[in-house]
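Each chain, written out:
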Amino acid sequence: MDITLKVNGRPEQFSAQPNELLVERLRDGLGLTGTKVGCDTGQCGTCVVRLDGRSVKSCLVLTASAGGSEVATIEGETTRGGELTGLQEALRQEHGTQCGFCTPGMVMALGELVDSTAGGAAPTEAEIREWLTGNLCRCTGYHSVVRGVQRACAVARAEAPAGTAESAAVAASGAAAQEVRGT
Amino acid sequence: MILAEFDYVRPAGLDEALALLSGTRGAKALAGGQSLLPDLRSGADRAGLLVDIRRLAELRGIGRTTDGTRLRIGALTTLAELATDPLVLAEAPELAAAARANGDPQVRNLGTIGGNLLAAGRATDLPVAALAADAVAELAGPDGRSTVPAEELAAGPAPAGSVLTALLVPAAGPAAAFEKTADRATRYPVCATAVRITPGGPRIAVTGATSRALRLRGVEDRLRGGPYGTDAVLAAFRAEPRELFVPGRGTSAEYLGHLVGVLTARALHRAEQALAR
Ligand SMILES: Cc1cc2nc3c(=O)[nH]c(=O)nc-3n(C[C@H](O)[C@H](O)[C@H](O)COP(=O)(O)OP(=O)(O)OC[C@H]3O[C@@H](n4cnc5c(N)ncnc54)[C@H](O)[C@@H]3O)c2cc1C
Ligand code: FES
Ligand code: FES
């Protein structure tokens, strides 16, 4: 069947079998191998992409059912110059990525949390941990990922009014460390 | 990869969906796919044609019924929407809590209330909340519209060829709660309980510990008039026939019967606290 999709802002048109999964189209059809397959059963979260803005597991979506939608993958997160997004940079600084296999899924899942809370209070540590229930990580133990999200949220809030990014990041890392140790 | 082969169609409206579902052998509705796709992959379920209803606008939306006493929740409301909807949080808090306890954010973003109520073969979270709320399901079928109490829906498969269009939920205010012990790996309930405190007494429903989601009228009768202290609730559960509780994977019937009693005591306590506020 004929399907059109917008992937990272680019229109794609192709023909697919009804039983094809979105993750198969992204990796095998479109060569976007940043999206990983860890379990193929909906448990691990390495295949998370954004579908019309919401984070979803691309191994639990039919390509046909995604037809007409906008898909965002990890490849679209980084600007063309290779610069990291605020969330990616914060995860890097907090050592929130080790082997890196879970990282694309983490970034796509956590991106929705960061975006959806952008206008208001930063998510609490409990909310961040709850948001991570769909993403398994074998390496980090999650603490550094949580700190990364806290740093990203703090930097974004500090940048919004005045203040330099550098002093905001320093303040953010202090706040993040305090909040994690305090619980 | 899904090895099973099937056809796929995306109907433009509910009438077309109903015609496809009742007129095609092996046709199944596809909503969020968060139960159906894993089941098709594992072979636990099969389908000849998937009728994709996910985008049907007429099955969405949350509002009050015209008389104001009930909420009407469209079947394609996602679990994420249900968990955060202000009206549901205020008037049917056990449903919002059951949705919030479901899986993870990605499953909740796609999974729908209709799919969770109808997902066969496994204990799921929403049916207990619907039982405690005394909710009624609205169905559309080849022979027109009908309503089915949540209790009947939990007892057997939905009539073939029909689409669940909405859930009608009596408005309760804060007097309701949901508690769950989740399986660490799958997030599905080991057991879960939902309670609603009404002027006529408590309504109590459990799942996971029993063969399917059930209202426990014996426990309700024993607790009528309160108080709902932990000891009284556990005693009310111990008075149930032993066969009511069935062993699970690595869990004895005795353990599940006790655990679901503890969860119920917690839920009743929480609902009472919310009422007093
Ligand atoms: C990783 C993971 C974790 C999960 N954890 C939990 C959990 O903790 N608790 C829990 O309860 N569930 C859990 N689930 C299951 C999931 O939440 C629901 O069962 C799922 O959301 C069902 O909704 P759906 O829209 O995806 O239904 P689908 O998968 O699309 O459909 C399920 C079934 O219902 C039928 N159906 C769907 N909508 C309608 C309708 N409107 N009318 C008629 N028939 C319909 C379909 O034909 C199919 O038979 C989990 C799933 C995954 C993958
Ligand atoms: S590959 Fe999709 S959740 Fe693991
Ligand atoms: S960094 Fe290795 S799995 Fe998460």
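Per chain, the residues get numbers from 1 upward, laid out in the order the sequence is written. Each chain takes a letter, starting from A, and each ligand takes a number, starting from 1, following the order in which they are written. This being a predicted model, a pLDDT of at least 70 is required before a residue's local features are given, and a value of 80 or more before pairs of side-chain atoms are given or counted; all residues contribute to the totals for chains, interfaces and linings. Values reported for side chains reflect all heavy atoms of the structure, with hydrogen atoms and water molecules removed beforehand.

As for the domain arrangement of chain A
Residue and element names in this part refer to chain A. What marks off one domain from the next here is an automatic or database domain assignment. In terms of domain boundaries, chain A breaks down into domain 1 (2-77) and domain 2 (86-177). Taken residue by residue, the interface counts 19 residues in domain 1 and 15 residues in domain 2. Interface area, domain 1 with domain 2, both sides summed: about 1300 Å², of which 59% is carbon and sulfur. By definition, a salt bridge exists where a carboxyl oxygen of Asp or Glu is found within 4 Å of a side-chain nitrogen of Lys or Arg. Counting the contacts that link domain 1 with domain 2 gives 2 salt bridges. Among the salt bridges present, the one from Arg54 reaches Glu112, with a minimum N-O distance of 2.8 Å. Within 3.5 Å is the distance limit for a polar contact, defined as a pair of N or O atoms, with the added protein rule that one can donate a hydrogen and the other accept it, and that residues adjacent in sequence qualify only through two side-chain atoms. Seen at the junction of domain 1 and domain 2, the total is 6 residue pairs in polar contact (both at pLDDT 80 or more). By definition, residues are in contact when any of their heavy atoms lie within 4.5 Å. Here the buried area means the combined drop in accessible surface, using a 1.4 Å probe, for two parts upon being joined, counting both sides.

Side note on the UniProt feature "domain: FAD-binding PCMH-type" (unreviewed entry) in chain B
When the UniProt feature table is mapped onto this chain numbering, "domain: FAD-binding PCMH-type" (unreviewed entry) sits at residues 1-174 of chain B. For residues 1-174 of chain B, the helix share is 36%, the strand share is 22%, and the end-to-end C-alpha distance is 44 Å. UniProt positions are given in the numbering used here, feature names are shortened, and annotations may be inferred rather than shown by experiment. The helix and strand labels rest on DSSP assignments: H or I over at least four residues marks a helix, E over at least two residues marks a strand, and numbering proceeds from the N terminus.

So, the sheet that holds strand β2 (residues 27-30) of chain B
Residues and elements named next belong to chain B. One requirement defines pairing of two strands: DSSP has to find at least two bridges between them. With parallel pairing, 3 strands are arranged side by side in an open sheet as β1-β3-β2. Looking at the sheet topology across the chains shown, the edges are occupied by β1 (7-9) and β2. Neighbour-to-neighbour, the strand axes of this sheet turn through a mean angle of 25 degrees, independent of strand direction. Examined bridge by bridge, β1 and strand β3 (residues 49-52) share 3 bridges and lie parallel to one another. Each residue of the ladder has a partner; that of Tyr8, found in β3, is Leu50. Fitted lines through C-alpha atoms serve as axes, helices being fitted only where they are in contact, and the angles separating the N-to-C directions of these axes extend from 0 to 180 degrees.

Details of the sheet that holds strand β12 (residues 214-215) of chain B
Residues and elements named next belong to chain B. Taking strand neighbours across the sheet as the criterion, the 4 strands line up as β9-β10-β11-β12 in an open arrangement whose pairing is antiparallel. At either margin of the open sheet sits one strand with a lone partner, and together these are β9 (176-182) and β12. Across 7 bridges, β9 lies against strand β10 (residues 189-198) in antiparallel orientation. Bridging across to β10, Ala176 finds its partner in Arg196. Across the face of the sheet, helix α12 (residues 253-276) comes into contact with β9, β10 and β11 (201-207) while running at roughly 35 degrees to β10.

Let's talk about the domain arrangement of chain B
Domain boundaries assigned for chain B yield domain 1 (7-51), domain 2 (58-170) and domain 3 (176-276). The centre of domain 1 of chain B, based on its C-alpha atoms, is set 34 Å off from the matching centre of domain 3 of chain B.

Quick notes on the site of ligand 1
If a single non-hydrogen atom of a residue is within 4 Å of a molecule or strand, that residue counts as near it. As a structural note, the neighbourhood of ligand 1 is formed by 36 residues, with B:Ala29, B:Ser35, B:Leu36, B:Thr112 and B:Arg187 the closest of them. Residues close to ligand 1 are split across chains A and B. Within the contact set of ligand 1, an oxygen atom lies 2.6 Å away from a backbone nitrogen or oxygen of B:Ala29. Contributions of two or more residues to the shell around ligand 1 are made by β2, α7 (113-118) and β8 (163-170) of chain B.

Details of the packing of helix α11 (residues 230-238) of chain B against α12(B)
Residue and element names in this part refer to chain B. Contact pair α11 / α12: the axes reach a minimum separation of 9 Å and the direction vectors enclose 140 degrees. One way to sum up the angle between α11 and α12 is to call them oblique. For α11 against α12, the interelement crossing comes out right-handed. On the side of α11, the interface is formed by Thr230, Val233, Leu234 and Phe237, while α12 contributes Gly257, His258, Val260, Gly261, Val262, Thr264, Ala265 and Leu268. Residues are sorted three ways: Asp, Glu, Lys and Arg are charged, Ala, Val, Leu, Ile, Met, Phe, Trp, Tyr, Cys and Pro are nonpolar, and all the rest, Gly among them, are polar. In terms of residue class, the contact of α11 with α12 is made up of 7 nonpolar, 5 polar and no charged. Angular relationships are summarised with four words: roughly parallel below 35 degrees, roughly antiparallel beyond 145, roughly perpendicular across 65 to 115, and oblique for the angles in between. When the near helix sits turned anticlockwise from the far one by under a right angle, the crossing is termed left-handed; a clockwise turn instead gives a right-handed crossing.

With respect to unusual backbone geometry
Residues and elements named next belong to chain B. The residue after Gly226, namely Pro227, is reached through a cis peptide bond having omega -5 degrees. The topology assignment puts Pro227 in the loop between α10 (217-223) and α11. Residues other than glycine seldom take positive phi values, yet Arg187 does so here, at roughly 75 degrees. Structurally, Arg187 is set in the loop between β9 and β10.

Re empty space enclosed by the protein
Here the term cavity refers to a set of points on a 1 Å grid, laid over the protein atoms alone, in which a 1.4 Å probe fits but cannot get out; the term pocket refers to an open set having protein on both sides within 12 Å along at least five of seven lines, with lining residues being those that place an atom within 4 Å of a point. Grid points are joined across faces, edges and corners, and a volume is the space filled by probe spheres set on the points. In this structure the tally under the stated criterion is 1 cavity of 30 Å³ or more. The space that makes up the largest cavity amounts to roughly 60 Å³. Lining of the largest cavity is provided by A:Leu60, A:Val61, A:Leu62, A:Ser65, B:Leu30, B:Ala31, B:Gly32, B:Gly33, B:Leu37, B:Arg54 and B:Leu110. For the lining of the largest cavity, the residue count by class is 7 nonpolar, 3 polar and 1 charged.

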